[in-house]
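One-letter residues, chain by chain:
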Amino acid sequence: MAQIFTLIWLMVLIPVAVVSQDYDAERSSMVDQQILNRGIRNTRVLDAMRSVERHHFVPEQYRHMAYSDRPLPIGHQQTISQPYIVALMTDYLNLKEGEKVLEIGTGSGYQAAVLAELVGQVYSVEIVEELAHRARKTLDELDYDNVHIRIGDGYKGWKEHAPYDAIIVTASPSDIPPPLKDQLAEGGRMVIPVGGPVFQKLLLLRKKEGKVKQTDVTSVRFVPMIDEEGDRH
Ligand code: SAH
């Protein structure tokens, strides 16, 4: 009888172990091939990308593609960004332990989790209520208690917790929202995709002595930043 129980237990446990091992292996090769190979060398960023279990942030039907080199749909015509873009934007923020970061566009919560591995507190604003709730649930299940989510229009930032050492914008407006510049701390960094509705430039902004300097990083494709009526900012 005891042997039968053991056998049944093994039949239950082995597939579970195999699946999670597969994800570990896929995540490790995602970091090596898609991120390290493309020149990102910041070990803190690489470690964060190795730690966060991306498959929890991807809808069930796309989970088998969670570690592939592409963005994936998360519902409401929105996407979870390609892993390389998440790493690249995070790398440009040059984050230090204990810092405070603002994210615009919580989406799945994946980028927020990567940030949460690197800094003290993450504040994230999402305009689609259902996505905000789902991200909250995923982050709670994974014990990310340093991510704070608010539902609303991120164009205005999140004034109550400003200034921020870093701001990351993951939906694209046609211009840099002035409130975000204002909410950036002295010495702060911001990455933001700015441009047309389909193609944009990823900009890196730095605030020094009250002035914001900007450089182009690369070309990107992000979903549009919208207002409460659904029109593009
Ligand atoms: N960072 C996300 C990817 C975000 S996709 C992740 O890791 O999964 C862009 C997100 O920005 C979408 O969820 C979209 O609903 C949201 N968004 C668009 N306009 C916004 C606005 N004005 N304020 C806040 N969020 C916005």
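Values in this document were obtained by computation on a predicted structure and should not be read as measured data. (Residues numbered from 1 in each chain as written. Predicted model: local features only at pLDDT ≥ 70, side-chain atom pairs only at ≥ 80, totals over all residues.)

Q: Hey, could you run me through helix α3 (residues 83–93) in this one?
A: Note that an α-helix has 3.6 residues per turn; residues three or four places apart therefore point the same way. A large share of α3 lies buried, amounting to 9 of its 11 residues. Of all the residues in α3, the buried ones are Pro83, Val86, Ala87, Leu88, Met89, Thr90, Asp91, Tyr92 and Leu93. Just downstream of α3 lies Asn94, where phi reads positive at about 50 degrees. (Buried ≥ 20, exposed ≤ 12 C-beta atoms within 10 Å, placed from the backbone. Helix = DSSP H or I, 4+ residues; strand = E, 2+ residues; numbered from the N terminus.)

Q: I keep staring at the site of the ligand and nothing clicks. Help me out?
A: Around the ligand lies a shell of 23 residues, among which Gly105, Gly107, Gln111, Gly154 and Ala171 are the nearest. No other element matches the 3 residues that strand β2 (residues 78–80) contributes to the shell around the ligand. (Near = placed C-beta within 6 Å.)

Q: Help me out: how do you make sense of helix α5 (residues 129–141) in this one?
A: Over its 13 residues, α5 extends 19 Å from the first C-alpha to the last, a length consistent with the 18 Å expected when each residue adds 1.5 Å. Within the span of α5, buried status applies to Leu131, Ala132, Arg134, Ala135 and Leu139. End-on view of α5: buried residues confined to an arc of 165 degrees, all on one side of the axis. Turned more than 90 degrees away from the buried face of α5, the exposed residues are Glu129, Glu130, Lys137, Asp140 and Glu141. Each element contacted by the buried residues of α5 is listed here: β1 (72–75), β2, α4 (110–116), β4 (121–126) and β5 (147–151). With its phi angle positive at about 65 degrees, Asp143 sits one or two positions after the end of α5. (Expected span 1.5 Å × (residues − 1). Arc of directions from axis to C-beta. Contact = placed C-beta atoms within 7 Å.)

Q: Got a minute to help me understand the environment of Val191 in this structure?
A: Among the secondary structure elements, Val191 is positioned in strand β7 (residues 184–195). Classification of Val191 as buried rests on a count of 21 C-beta atoms within 10 Å.

Q: Looking at this structure, I do not really get unusual backbone geometry. What am I missing?
A: Trans is the common state for peptide bonds, and a negative phi is the common state for residues other than glycine. With an omega of 5 degrees, the peptide bond between Ala162 and Pro163 qualifies as cis. Among the secondary structure elements, Pro163 is positioned in the loop between β5 and β6 (164–169). Backbone geometry at His76 places phi at a positive 55 degrees, although glycine is not the residue there. Following the sequence through the fold, His76 ends up in the loop between β1 and β2. Its 14 C-beta neighbours within 10 Å are what place His76 among the partly exposed residues.

Q: Please explain the pairing of β5 as it appears in this structure.
A: Successive residues of a regular strand alternate their side chains across the two faces of the sheet. In this sheet, β5 lies alongside β4 in parallel orientation, the contact comprising 5 bridges. Residue pairing in the sheet places Val122 in a bridge with Val147 of β5. Traced from β4 through α5 to β5, the parallel crossover comes out right-handed. (Pairing = 2+ DSSP bridges. Right-handed = clockwise from strand over helix to strand, strands pointing away.)

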